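As a plain string of letters, each chain reads:
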Amino acid sequence: MDRLILIFALAAFISTLVGGAIIVKFRKYLPFFFAFAAGSLIAVSFLDLLPESLELAGSVNIPVRYVMITVVLSFFLYSLIERFLLTHHIGDHDDHNHIMGPIGAGSLILHSFLDGAAIGAAFRINASVGLIVALAVIFHDFTDGINTVTLMLKNKQHIKRTITFLVFDALAPFVGILATTTINISESVLAIMLAAFVGEFLYIGASTLLPETRNNLSKGVVIAMATGIFLIMLLTSFI
Ligand SMILES: [Zn+2]
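Residues numbered from 1 in each chain as written. Predicted model: local features only at pLDDT ≥ 70, side-chain atom pairs only at ≥ 80, totals over all residues. Heavy atoms only, no water.

Chemist: What exactly am I supposed to notice about the environment of Leu 171 here?
Modeler: With respect to the helices and strands, Leu 171 occurs in helix 6 (residues 159-182). With 159 residues separating them along the chain, Leu 171 and Ala 12 place their C-alpha atoms 8.3 Å apart. (Helix = DSSP H or I, 4+ residues; strand = E, 2+ residues; numbered from the N terminus.)

Below is the structure:
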């Protein structure tokens, strides 16, 4: 495997772990992390993943409409996953359902696997697309770590079990990267995969991360989101 990809796999691992570890101490800064991650995920969807998906689709004669339908269906599918599996929200509404912690954290692990798959798929296009997607995913893996720990603790899970889930969540992107870089993927499948990641990332950015920032009225949240967006704009302009 490419050494660069290994480095990103490691970064995703560390980012998730650090996110999970700092949640207890730095709770009041969470809205800024969420806003930054939302901005970068939405920007990377429109400025990198979608254009690449469309370009690739064009080169293998897949109609634009199929790509767009994939985006919409993926968005919808993600909303279903959230609805049925995740009690995802960091807000105040508590439900002390013991099974929801592991189920929610388990589906976050699946999601983190897909995060890794997105990095691997982007690297299949070329190294610069891979780089930008990897950065956006790694920023946001930080919030995945936070969400895993929050979900487990909120649902009254033991700290040991919480750490186990956090470690699995941190390892999952690595497995995802490994899968998409070692298994042979045709260009048509890759185009559709990228479109599916667009739907997923848009959902996570707009519907999972941004709502967590709504209760914080400080300018910092706006600045954090703008920073996420402009960073990706800058990267996609120059890399
Ligand atoms: Zn993620």
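Chemist: Before we go on, may I ask you to explain a nonpolar patch on the surface in this structure?
Modeler: On the surface, Leu 153, Ile 159, Ile 163, Val 167, Phe 168 and Leu 171 cluster together into a nonpolar patch covering about 500 Å² of accessible area. Here the nonpolar patch gets 5 residues from one element, more than from any other, and that element is helix 6. Along the polypeptide, Ile 159 turns up in helix 6. (Patch = residues over 30% accessible without salt bridge, like charges linked within 9 Å, V, L, I, M, F, W, Y side chains within 5 Å. Areas by Shrake-Rupley, 256 points an atom, 1.4 Å probe, with all protein chains shown as cover. Salt bridge = Lys/Arg side-chain N within 4 Å of Asp/Glu carboxyl O.)

Chemist: Could you clarify how one ought to interpret unusual backbone geometry in this entry?
Modeler: Even without being a glycine, Asn 61 presents a positive backbone phi close to 60 degrees. Note that Asn 61 resides in the loop between helix 2 (30-59) and helix 3 (64-85). The class of Asn 61 is exposed, set by a relative accessible area of 70%. (Buried < 20%, exposed > 50% of the residue type's maximum accessible area, 1.4 Å probe, protein only.)

Chemist: Is there a simple way to think about helix 5 (residues 127-154) in this case?
Modeler: In an α-helix, one turn spans 3.6 residues; hence positions three or four apart end up facing the same way. Compared with an ideal rise of 1.5 Å per residue, which puts 28 residues at 40 Å, helix 5 spans 39 Å between its outermost C-alpha atoms and is within 8% of the ideal. Among the 28 residues that make up helix 5, 22 are buried, leaving the element largely enclosed by the rest of the structure. The positive-phi residue at the C-terminal boundary of helix 5 is Lys 156, with phi of around 60 degrees. (Expected span 1.5 Å × (residues − 1).)

Chemist: Explain the packing of helix 5 against helix 6 here, please?
Modeler: Helix-helix packing is characterised by the crossing angle of the two axes and by the distance between the axes. Two elements in contact, helix 5 and helix 6, have axes whose closest approach is 9 Å; the angle formed by their N-to-C orientations is 155 degrees. On the basis of the axis angle, helix 5 is roughly antiparallel to helix 6. Handedness of the crossing formed by helix 5 with helix 6: right-handed. Across from Asp 141, Asp 144, Gly 145, Thr 148, Val 149, Met 152 and Leu 153 in helix 5, the residues of helix 6 making contact are Ile 159, Arg 161, Thr 162, Phe 165, Leu 166, Asp 169 and Pro 173. Each residue belonging to the contact of helix 5 with helix 6 can be placed in one class, and the counts come to 7 nonpolar, 3 polar and 4 charged. (Axes fitted to C-alpha atoms, helices over the stretch in contact; angles between N-to-C directions. Parallel < 35°, antiparallel > 145°, perpendicular 65-115°, else oblique. Left-handed = near helix turned anticlockwise from the far one by under 90°. Contact = heavy atoms within 4.5 Å. Nonpolar A, V, L, I, M, F, W, Y, C, P; charged D, E, K, R; others polar.)

Chemist: What is the right way to read the coordination of the zinc ion from this model?
Modeler: Reference values for coordination geometry: four tetrahedral donors around a metal ideally subtend 109.5 degrees, six octahedral donors ideally subtend 90 or 180 degrees. Surrounding the zinc ion are the protein donor atoms His 111 (NE2), Asp 115 (OD), His 140 (NE2) and Asp 144 (OD), which sit 1.8 to 2.1 Å from the metal. Taken together, the 4 donor atoms coordinating the zinc ion and their angles of 102 to 117 degrees define a geometry best described as tetrahedral. Each donor residue of the zinc ion belongs to the same chain, and together they define the spacing H-x3-D-x24-H-x3-D. One end of the pair, His 111, is in helix 4 (residues 100-125); the other, His 140, is in helix 5, with 29 residues separating them in the sequence. Like His 140, His 111 is buried. (Donors = N, O, S within 2.8 Å, 3.2 Å for Na, K, Ca; no water. Tetrahedral: all angles 85-135°; square planar, octahedral: opposite > 155°, others 65-115°.)

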